[in-house]
Amino acid sequence: MLIIFCFISINILNLHLLSIKCNKPTNKHDKMSKQKKFILPESEMPMQWYNIQADMANKPLPPLNPATHKPLKAEDLFHIFSEECCRQEFDQTHAWIDIPDEVADMYKYYRPTPLVRAYALEKALDTPAHIYFKNESTNPLGSHKINSALAQCYYCRQEGTTNVTTETGAGQWGAALSYAARVFGLEAAVYQVKISLRQKPYRSILMRTFGAEVTGSPSMSTRAGKDIITRDPMHQGSLGTAISEAIELATTTPHCKYTLGSVLNHVALHQTVIGLEAEKQMEMAGEYPDTVIACFGGGSNFGGITFPFMRHNIKDGAKTEYIAAEPASCPKLTRGVFEYDFGDEAGYTPLLPMFTLGHGFKPANIHAGGLRYHGAGVIVSQLLKDGLMRGVDIPQSESFDAGLLFARTEGIVPAPESCHAIAATIREAEKCKESGQQKVILFNLSGHGLIDMTAYEQYLNGDLIDYTISDEAIKANIDKVPKII
Ligand SMILES: *Cc1c(COP(=O)(O)O)cnc(C)c1O
């Protein structure tokens with residue numbers, strides 16, 4: 001009897017121990033604190049993009065016809081862009097816009113992208129902050145730009161367009177567009193800034209691998225290009241010259257439309273898949289961000305990750321802070337003016353109400369090519385004016401310090417553009433260390449830097465230059481902006 005009793009009690013004890021062992025790994029809090037990656041199931045992918053314009057108290061001002069200064073309507077841009085993108089550009093009423101099935105199917109090739117807790121970076125910084133990043137570098141093109149390239153090419157094909165054209169600087173947008181054009185059976189012609197084409201040949205090879213025709217800009221193939229070369233035979237090209245050439249090709253070729261990789265409202269709209277996924281993934285992590293950070297070129301990856309969270313600031317009183325990290329050498333958010341300005345150098349585009357350094361501003365030749373643009377998108381400009389977000393300036397050396405630390409801790413070499421977001425994140429995490437605040441910080445890793453290794457080589461060799469820009473130089477360009485506001 002006693003033996004049996006002992007046997008049973010030992011077994012109960014064992015069972016009890018066993019249950020403690022079994023329970024431990026499934027303890028909710030333990031599991032959460034250790035989880036590194038938060039992967040959404042495909043079935044949870046967003047089926048609609050979020051259009052923040054519908055929820056903004058102060059709507060963005062309309063673009064203007066440069067000749068008459070009359071507000072433009074969607075139809076006025078149909079000869080340049082796909083009609084659906086024009087309608088999305090001007091849509092201030094529908095908060096949710098369906099993602100077409102074919103685009104959603106293509107998103108499944110590389111989405112949902114992971115949300116990652118940067119434990120190693122937190123440890124290296126010895127910060128109480130919880131740092132998360134949304135990893136948009138995992139697709140084969142290596143940046144977030146593919147999210148809009150697929151949508152733009154889809155609409156072009158639906159509307160009977162056979163050819164698309166665009167400009168590209170370092171080549172991330174050109175590469176994404178070339179692939180998306182192939183997916184939807186379109187021919188792509190890309191004007192790449194001549195100096196970038198020579199200095200960074202790999203992305204032009206990537207574009208040609210996907211079947212695109214790549215031309216260095218300025219070229220002899222357009223009126224605009226010929227004029228520029230006639231005036232300056234040694235012109236190295238700029239985004240401004242390449243935009244002018246691409247728009248000319250689109251408007252003079254039947255069934256050819258122009259596409260753009262940043263700045264415009266519809267581009268930021270397509271990028272909101274980033275933030276909509278991140279919102280669900282932060283929920284999986286059991287946290288909500290106090291601060292959301294992205295690097296800033298024209299605002300598409302910034303809008304993409306922030307707008308879905310910002311809707312809770314606008315509608316539900318959330319207090320999340322939004323930080324756009326721009327290069328100190330191209331400081332349109334922190335040192336620019338809010339005015340109507342052209343989007344390109346030649347003045348072919350409509351006038352857009354934006355924070356600008358002047359369309360004649362020539363940014364220093366920093367490695368973050370995607371951040372070298374003189375103006376900010378119309379939506380983000382209004383949000384900045386209304387105090388819903390702020391900008392910070394990052395010197396080039398600080399951006400690479402941050403990129404190197406991130407590579408050495410998290411094992412991913414970030415794009416030179418993304419390094420700016422990481423630098424801003426580190427600044428915030430260090431503030432948390434000083435104040436002891438345990439903030440939740442989320443940043444967007446917009447791309448990887450594996451095709452930008454010459455930039456890292458320069459940094460490692462100590463040859464990197466920090467460009468500063470004087471108030472006089474900024475004022476000189478801003479003085480040339482038409483004063484309409
Ligand atoms: C183009 C690019 C950017 C900047 O463009 P936004 O429209 O401001 O997002 C940032 N990061 C990467 C990797 C890019 O290719």
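See above for the structure.
Calculation criteria
- Residues numbered from 1 in each chain as written.
- Predicted model: local features only at pLDDT ≥ 70, side-chain atom pairs only at ≥ 80, totals over all residues.
- Heavy atoms only, no water.
- Helix = DSSP H or I, 4+ residues; strand = E, 2+ residues; numbered from the N terminus.
- Polar contact = N/O pair within 3.5 Å; in protein donor to acceptor, adjacent residues only side chain to side chain.
- Near = heavy atom within 4 Å.
- Areas by Shrake-Rupley, 256 points an atom, 1.4 Å probe, with all protein chains shown as cover.
- Nonpolar A, V, L, I, M, F, W, Y, C, P; charged D, E, K, R; others polar.
- Buried < 20%, exposed > 50% of the residue type's maximum accessible area, 1.4 Å probe, protein only.
- Axes fitted to C-alpha atoms, helices over the stretch in contact; angles between N-to-C directions.
- Contact = heavy atoms within 4.5 Å.
- Pairing = 2+ DSSP bridges.
- Arc of directions from axis to C-beta.
- Right-handed = clockwise from strand over helix to strand, strands pointing away.
- Lys, Arg positive; Asp, Glu negative; His and termini not counted.
- Salt bridge = Lys/Arg side-chain N within 4 Å of Asp/Glu carboxyl O.

To continue, consider the side chain of Ser143. Position of Ser143 relative to the elements: it lies in the loop between strand E5 (130-135) and helix H6 (146-158). One polar contact links the side chain of Ser143 to the main-chain amide nitrogen of Lys145, over a distance of 3.1 Å.

Right, let's get into the site of the ligand. In the neighbourhood of the ligand, 18 residues make up the surrounding shell, with Lys145, Ser262, Gly297, Ser300 and Ser446 lying closest. Here an oxygen atom of the ligand sits 3.4 Å away from a polar atom, N or O, in the side chain of Gln172. Note that an oxygen atom of the ligand is positioned 2.4 Å from one of the side-chain N or O atoms of Ser262. Within the complex, 98% of the 380 Å² of free accessible area of the ligand lies under protein. For the shell around the ligand, the per-class residue count stands at four nonpolar, 12 polar and two charged.

Attention now moves to unusual backbone geometry. Across the junction of Arg111 and Pro112, the peptide omega takes the value -10°, indicating a cis bond. If you trace the backbone, Pro112 turns up in the loop between helix H4 (101-107) and strand E4 (115-117). Between Ser217 and the following residue, Pro218, the backbone shows a cis peptide bond with an omega angle of 10°. Counting through the fold element by element, Pro218 comes out in the loop between strand E8 (213-217) and helix H10 (223-231). Phi is positive for Asp126, which is not a glycine, with a value near 50°. With respect to the element layout, Asp126 can be found in the loop between helix H5 (119-125) and E5. You can call Asp126 exposed: its relative accessible area is 53%. Residues other than glycine seldom take positive phi values, yet Val263 does so here, at roughly 65°.

This part covers the packing of H10 against helix H11 (residues 239-252). Where H10 meets H11, the axes come as close as 8 Å, and the angle between the chain directions of the two elements is 145°. Contacts between H10 and H11 involve Arg223, Ala224, Gly225 and Ile228 from the former and Thr241, Ser244, Glu245 and Glu248 from the latter. When the residues that make up the contact of H10 with H11 are grouped by side-chain class, the tally is two nonpolar, three polar and three charged.

All right, on to the sheet that holds strand E6 (residues 163-168) then. Taken in spatial order, the four strands of this open sheet run E8-E7-E6-E9, and their pairing is parallel. Of all the strands in the sheet, the pair left with one neighbour each is E8 and strand E9 (256-258). Along the sheet, successive strands turn relative to each other by an average axial angle of 25°, direction set aside. Note that E6 and E9 share three bridges and pair parallel. Of the residues in E9, the one forming a bridge with Asn163 is Cys256.

Right, let's get into helix H3 (residues 83-90). Residues of H3 that are buried: Cys85, Cys86, Gln88 and Glu89. In a view along the axis of H3, the buried residues occupy a sector of 165°, so they form one face of it. On its buried face, H3 is in contact with strand E2 (48-50), strand E3 (96-98), H6 and helix H12 (265-271).

Further remarks concern the sheet that holds strand E15 (residues 440-445). Strand order in the open sheet formed by seven strands is E1-E4-E5-E15-E10-E11-E14, and the pairing between neighbours is mixed. Across the chains shown, the open sheet's two edge strands, defined by having one partner strand only, are strand E1 (37-38) and strand E14 (390-394). Relative to E15, E5 is paired through six bridges, and the arrangement is parallel. When the sheet's bridge partners are listed, Asn135 is paired in E15 with Leu445. Strands in contact with helix H17 (residues 396-410) are E4, E5, E14 and E15; relative to E14, the strand with the most contacts, it is inclined by about 90°.

A large share of strand E7 (residues 187-193) lies buried, amounting to six of its seven residues. Pairing analysis gives six bridges linking E6 to E7, with the strands arranged parallel. If you follow Thr166 over to E7, its bridge partner there is Val190. Regarding topology, helix H7 (residues 172-183) serves as the crossover connection from E6 to the parallel E7, and that connection is right-handed. As defined by bridge partners, E7 adjoins E8 across five bridges and the pair is classed as parallel. Counted as the bridge partner of Tyr191 is Thr215 from E8.

Summarising the element assignment, Glu245 is placed in helix H11. Nearest to the buried, unbridged Glu245 among oppositely charged side chains is Lys194, at 7.6 Å. Sequence-distant contacts of Glu245, defined by excluding residues within four places in its chain, comprise Tyr191, Ser217, Pro218, Ser219, Ser221, Thr222 and Gly225.

Counting across every chain of the model gives 20 salt bridges. The shortest N-O distance in the salt bridge between Lys36 and Glu410 comes to 2.6 Å. Residue Lys36 is located in the loop between helix H2 (28-34) and E1, and its partner Glu410 is located in helix H17; the two are separated by 374 residues in the primary sequence. Across the pair Arg111 and Glu277 runs a salt bridge whose closest N-O atoms are separated by 2.8 Å. Pair noted here: Arg111 is in the loop between H4 and E4 and Glu277 is in helix H13 (residues 273-284), with a separation of 166 residues, a long-range link. Glu277 matches Arg111 in its accessibility class, with the two residues each being buried. Each of the salt bridges in this network shares a partner with another, and the network as a whole consists of Arg111, Lys134, Glu136 and Glu277.

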